[in-house]
Amino acid sequence: MRHIGLIAGAAAAALVATGAITYAVAEDSGGARRTVEAPAAGSADAGFARDMAVHHQQAVEMSFIVRDRTADTEVRRLAYDIAQTQANQRGMLLGWLDLWELPKVSADPPMTWMGMGDMPAGQDGALMPGMATDSEMRRLGELGGRQAEVFYLQLMTDHHKGGVHMAGGCVARCTVGVEKRLARGMVESQRSEMRLMADMLKERGAAPRS
């Protein structure tokens, strides 16, 4: 039942955000369209959209990998939920960049919009906090059964911690209302999933890495 609630919550959040996109572009008040000023390329709104799209893409990749490495129904259901939710959110973020006519990549280092552009460059493909390294992604693809389940849950817990940190940064810094609401929803849903994953790890005789 907990999984069903997560899936239903994610679906509802996606529907709310999708409706909000329309509102952000135009407001139907007597048939008149309202022009909305786009944020600047160097704004927190644009930076969050770019960085979180990259962050989400790795979560989607990890989730599809583990679905092929285990037959456990509980883990496969969670992985599917995470993949679907984050793929949808990634599409929203990239769609906003298109609507704002802003580039999807930036010459600035990741996390610059959060004042963290001077942090050490990510090692082995881990571009932002919480992201798995290339070596960890390869290892996930090589493990099977319970080992794959535990490693996925540990990696995704770290990933969610980084995601919550970034989404909280948008809540504090972004100015576009619909994006702030999406970020706030990310914080709430990913914290809930971290609690769920802690329970799943405990059931498998393991714990989060940090």
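Refer to the structure printed above.
Conventions we followed
Residues numbered from 1 in each chain as written. Predicted model: local features only at pLDDT ≥ 70, side-chain atom pairs only at ≥ 80, totals over all residues. Heavy atoms only, no water. Salt bridge = Lys/Arg side-chain N within 4 Å of Asp/Glu carboxyl O. Helix = DSSP H or I, 4+ residues; strand = E, 2+ residues; numbered from the N terminus. Buried < 20%, exposed > 50% of the residue type's maximum accessible area, 1.4 Å probe, protein only. Disulfide = S-S within 2.5 Å.

Trainee: Quick one: what's the story with the pattern of salt bridges, residue by residue and with numbers?
Mentor: Across all of its chains, the model carries 7 salt bridges by this definition. In this structure, the salt-bridge partner of R204 is E149, at a minimum N-O distance of 2.9 Å. In this pair, R204 sits in the segment after helix 6 (177–203) while E149 sits in helix 5 (residues 145–173), placing the two residues 55 residues apart along the sequence. In this structure, R204 and E149 share a single accessibility class: buried. Between D158 and R209 there is a salt bridge, with the nearest N and O atoms lying 2.8 Å from each other. In this pair, D158 is assigned in helix 5 and R209 in the segment after helix 6, connecting sequence segments 51 residues apart. Judged by relative accessible area, which is 13%, D158 ranks as buried. For R209, a relative accessible area of 40% gives the class partly exposed. A cluster of three or more residues bridged by salt bridges with shared partners is formed by D72, E74, E149, E203 and R204.

Trainee: Describe in detail the state of the cysteines, supporting the description with residues and values.
Mentor: Think of a disulfide as a covalent bridge from one cysteine sulfur atom to another cysteine sulfur atom. Taken as a whole and judged by the stated rule, the model has 1 disulfide. With its sulfur 2.3 Å from that of its partner, C170 forms a disulfide with C174. The disulfide joining C170 to C174 has a torsion of about -120° about its S-S bond and is therefore left-handed. C170 sits in the buried class, given a relative accessible area of 0%. Judged by its relative accessible area of 4%, C174 falls in the buried class.

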